[in-house]
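Notes for the structure review
Residues per chain are reported as follows:
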Amino acid sequence: MNYFDDEQEWKWLFDHGLDWDKLIKLYNPEFPTPDGMNNKEEVVSFIKELLVATGEWTGTSVTERAQELDCVGAGEVRDGNTYPSAPLQANYDEAKELAMIGLCQEPEFGGMNAPQSVGMFLLAQLSRACLAT
């Protein structure tokens with residue numbers, strides 16, 4: 001299951017509930033963008049592809065680990081340090097690999113400078129897949 005591409009409500013919200021003209025001006029006021037996108041349609045298409053990818057990740061890998069994470073727990077604290085359990089660490093590692101951590105941060109901090117509304121889509125996907133994550 002893909003928690004974006006298979007959900008008509010989320011796709012409708014993406015297409016009709018966001019003012020892309022305003023959002024793009026806030027985050028990328030000039031074209032071409034620093035990463036080479038030439039117009040609004042390219043930016044919106046890239047963000048949609050990104051949410052399809054996060055929807056696939058959350059709808060498969062994260063969902064598949066949710067029950068194990070519930071059983072083993074999030075991890076433990078030892079000597080003032082937090083040590084994630086194996087399934088939680090796997091989710092963290094994949095999120096890092098997919099560049100989901102810091103998605104809305106500026107590039108100089110390792111992010112993609114995505115609008116906060118895109119981050120909210122990702123958080124909704126994660127919450128649906130595994131609230132513990």
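The notes below deal with the structure included here. Since the structure is predicted, the reported quantities are computational estimates derived from the model, not experimental observations. (Residues numbered from 1 in each chain as written. Predicted model: local features only at pLDDT ≥ 70, side-chain atom pairs only at ≥ 80, totals over all residues. Heavy atoms only, no water.)

1. What about the overall build of the chain?
Check the secondary structure of the chain and you find five helices and two strands. Traced from its N-terminal end to its C-terminal end, the chain shows the element sequence α-α-α-β-β-α-α. Projecting the C-alpha coordinates of the chain onto the three principal axes gives extents of approximately 50 × 35 × 20 Å. Going through the 133 residues of the chain one by one, you find that 37% of them count as buried. When contacts within the chain are restricted to residue pairs at least 6 apart in sequence, long-range pairs at least 24 apart make up 56% of them. Summing over all exposed atoms, the chain offers an accessible surface of approximately 8200 Å²; the carbon and sulfur share of this is 53%. In the chain, 9 side chains carry a positive charge and 23 a negative one; their mean positions are 4 Å apart. (Helix = DSSP H or I, 4+ residues; strand = E, 2+ residues; numbered from the N terminus. Buried < 20%, exposed > 50% of the residue type's maximum accessible area, 1.4 Å probe, protein only. Contact = heavy atoms within 4.5 Å. Areas by Shrake-Rupley, 256 points an atom, 1.4 Å probe, with all protein chains shown as cover. Lys, Arg positive; Asp, Glu negative; His and termini not counted. Charge placed at Lys NZ, Arg CZ, Asp CG, Glu CD.)

2. Some remarks on the layout of surface pockets
Roughly 300 Å³ of volume is contained in the largest pocket. Put simply, the parts of the chain that give the lining of the largest pocket at least two residues each are helix 2 (20-27) and helix 3 (40-72). A class-by-class count of the residues in the lining of the largest pocket yields 14 nonpolar, four polar and one charged. In this structure, the second largest pocket occupies an estimated 250 Å³ of space. What lines the second largest pocket is a set of 16 residues, among which M100, I101, L122, L123 and L126 lie closest to the centre. (1 Å grid on protein atoms, 1.4 Å probe; cavity = no way out; pocket = protein on both sides within 12 Å on 5 of 7 lines; lining within 4 Å. Points joined across faces, edges and corners; volume = space filled by probe spheres on them. Nonpolar A, V, L, I, M, F, W, Y, C, P; charged D, E, K, R; others polar.)

3. Quick look at the pattern of salt bridges
Tallying each qualifying case throughout the model produces five salt bridges. A salt bridge links R128 to E7, with the shortest nitrogen-to-oxygen separation between them at 2.8 Å. Residue R128 is located in helix 5 (residues 116-129), and its partner E7 is located in the segment before helix 1 (8-17); the two are separated by 121 residues in the primary sequence. Judged by its relative accessible area of 44%, R128 falls in the partly exposed class. Among the residues examined, E7 registers a relative accessible area of 13% and is labelled buried. In this structure, R78 and E76 form a salt bridge, with 2.1 Å as the shortest nitrogen-oxygen distance. (Salt bridge = Lys/Arg side-chain N within 4 Å of Asp/Glu carboxyl O.)

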